[in-house]
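In case you want the letters, here they are:
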Amino acid sequence: MEFLGLVNYALFMAIFIAIYALLALGLNIQWGFAGLFNAGIAGFFAVGAYTSAVLTTESDPGRIGGFDLNFVIGWIGAMVAAALVAWPIGKICLRFRSDYLAIASIGIAEIIRLVIKSEPVLTNGARGISGIPRPMGDIGYTESQVAYLAIVLAVLIAAYFLVERQFNAPWGRMMRAIRDNESAAKAMGKDVEARRLEAFIFGAALMGLGGALFAHFNRSITPEAIDPMVATFLVWIMLILGGSGNNRGAILGAAVVWIIWSVSEIATDRLPPEYAIQAKYIRLFLIGLMLQLVLRFRPEGLLPEPLRGDLRADKRTSK
C-alpha cells in the first residue's frame, strides 16, 4: 500500500513537471527568443484553464457555459482564447521597455485574476469551476494517472519539437537578431513590432494550454490556483535555472525546480505542527539559494543557449 502511494505521488509529480515544462517553453519563446519580459504568465494560465473548463463541463444554471464538449476542443479553445487575449495586450504593451512591460503584464494578470474572482456568472466567482472531466478519468486512480501522464507527455513532446523547429528556422534566427540588436534588425528591413507580437502570442497560447492541462488534471479550477508565486515567478526560476534560449534547458529547469519544491514540502510536512508552517518558507529559501548559485557560477543556466556555430561543431564532432 505504501509502495502504491509512492507510485501515485511520482506520477503526480511527473504530470506537474510536464505541465510546468510547457509553461517554461511558452516563456522561452517570449523571453529566450524575443527578449520580452512577461511577468503575467498567471493571467494567460488562468484564461486557458477557465476557457477549457467552461467548454468541457456540464451545464450549470448558475453560470454561463457548460457546453460539455470533448477535452481536445477545450484545449484548442484554451490556446485560442489565450492568444486572443494576448493580441491586444501585445499591441499596447510591447511598445514599452522591458521593465515597463514587466510592470504592465503583472497588472494585467492581476486584473484577469480579479475579474475571474468577481464574476460569478462567467466563472462561478471564488468557488471556481468543478467537475472538469479528466481524459481516461473513469478508470482506476493509478491507471488514470498513468494515462494522463502519457497524454501530457505527448503534448509536451509535440510542443517541444514544434518550438525547436522554429528555433532553428529563419524565424528563430530573426527573433534572436531582434532580441540582440533591435536597431540592426530594423535596418535590415525586419518588422520588429510584428515579429515580437507573434512571439508574445505563440508563448501565451502555450501558457493557456498549460492552464487547461492543469485544470483537467485537478478536475477543478479556483482563483486560488492562480497564485503569481507558483504560476509566474516559479516558471521564471525554472527558465533561468535551466537556461534561457534553450528549450531542453527550460524542460530541465522545470524538472529540477519542481522536484526540489515537492520534496521540500514532504520534508516540512513531517515536522511538528508548530514548526511545519514556518518551515514551509524553507522551500522558497532553497529555490532562491539555488537561483543565486546558478546566477553566480553559471549565469547562462544549466544548459546554455546553443549558437549556430556550436550546432555545426556538434554535428562535425558526431560525424
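Once a new chain begins, its residue numbering starts again from 1 and follows that chain's sequence as written. Where local features are concerned, this predicted model is filtered to residues with pLDDT of at least 70; where side-chain atom pairs are given and counted, the filter is 80 or more; whole-chain, interface and lining totals use all residues. Neither water nor hydrogens contribute to the side-chain values; these are computed over all heavy atoms in the structure.

Q: Teacher, can you tell me more about the overall build of the protein here?
A: Going along the chain from the N terminus, every DSSP run of H or I of four or more residues is numbered as a helix, and every run of E of two or more is numbered as a strand. Helices and strands together make up the secondary structure of the protein, namely 14 helices and 2 strands. Against the 2.2 N^0.38 benchmark of 20 Å for 319 residues, the protein shows a C-alpha radius of gyration of 20 Å, consistent with a compact globule. Dimensions along the principal axes, computed over C-alpha positions, put the protein at roughly 55 × 40 × 40 Å. Accessible area is worked out with a 1.4 Å probe on protein chains only. A residue is then buried under 20% of its type maximum, exposed over 50%, and partly exposed in between. Within the protein, the proportion of its 319 residues that are buried is 48%. Here, residues are in contact when the closest pair of their heavy atoms is within 4.5 Å. By sequence separation, contacts in the protein at least 24 residues apart represent 77% of the contacts at least 6 residues apart. Looking at the protein, you have 28 positive and 24 negative side-chain charges, and the mean spots of the two groups are 9 Å apart. We compute the radius of gyration over the C-alpha atoms and compare it with the globule rule, which gives 2.2 Å times the number of residues raised to the power 0.38. Note on charges: Lys and Arg go in the positive column, Asp and Glu in the negative column, and His and the chain ends are not counted at all. One atom stands in for each charge, and that atom is NZ of Lys, CZ of Arg, CG of Asp or CD of Glu.

Q: How should I be thinking about the confidence of the model for the protein in this particular structure?
A: Close inspection of predicted coordinates is inappropriate for parts of the model with low pLDDT. Taken as a whole, the protein shows an average pLDDT of 89; of its residues, 95% reach a score of 70 or greater. Confidence of the prediction at every residue is given by pLDDT, a number between 0 and 100. Note that residues 309-319 has pLDDT below 50 and, in this model, 2 contacts with residues that lie over four places away or in other chains.

Q: Mind showing me how you'd approach the layout of surface pockets here?
A: Counted as a void, the largest pocket has a volume near 470 Å³. Points on a 1 Å grid, built from protein atoms alone, make a cavity when a 1.4 Å probe fits but cannot get out and make a pocket when they are open with protein on both sides within 12 Å along at least 5 of 7 lines; residues with an atom within 4 Å of a point are the lining residues. As for the largest pocket, its lining consists of 22 residues, and the residues nearest its centre are Tyr20, Val230, Trp258, Trp261 and Arg283. When residues of the lining of the largest pocket are traced back to their parent elements, those giving at least two are helix 1 (2-33), helix 10 (228-242), helix 11 (247-269) and helix 13 (281-297). The dominant element in the lining of the largest pocket, judged by the number of residues it contributes, is helix 11, at 6 residues. Grid points are joined across faces, edges and corners, and a volume is the space filled by probe spheres set on the points. Taken as a whole, the second largest pocket encloses approximately 290 Å³ of empty space. If you go around the second largest pocket, you meet 14 residues; those closest to its centre are Ile29, Ala159, Leu162, Val163 and Leu206. For the lining of the second largest pocket, the elements supplying multiple residues, two or more each, are helix 1, helix 6 (141-168) and helix 9 (192-218). When residues in the lining of the second largest pocket are grouped by element, the largest group, 6 residues, is from helix 6. Among the residues forming the lining of the second largest pocket, the class breakdown is 13 nonpolar, 1 polar and no charged. In the scheme used here, Gly and all other residues not listed as nonpolar or charged are polar, with Ala, Val, Leu, Ile, Met, Phe, Trp, Tyr, Cys and Pro taken as nonpolar and Asp, Glu, Lys and Arg as charged.

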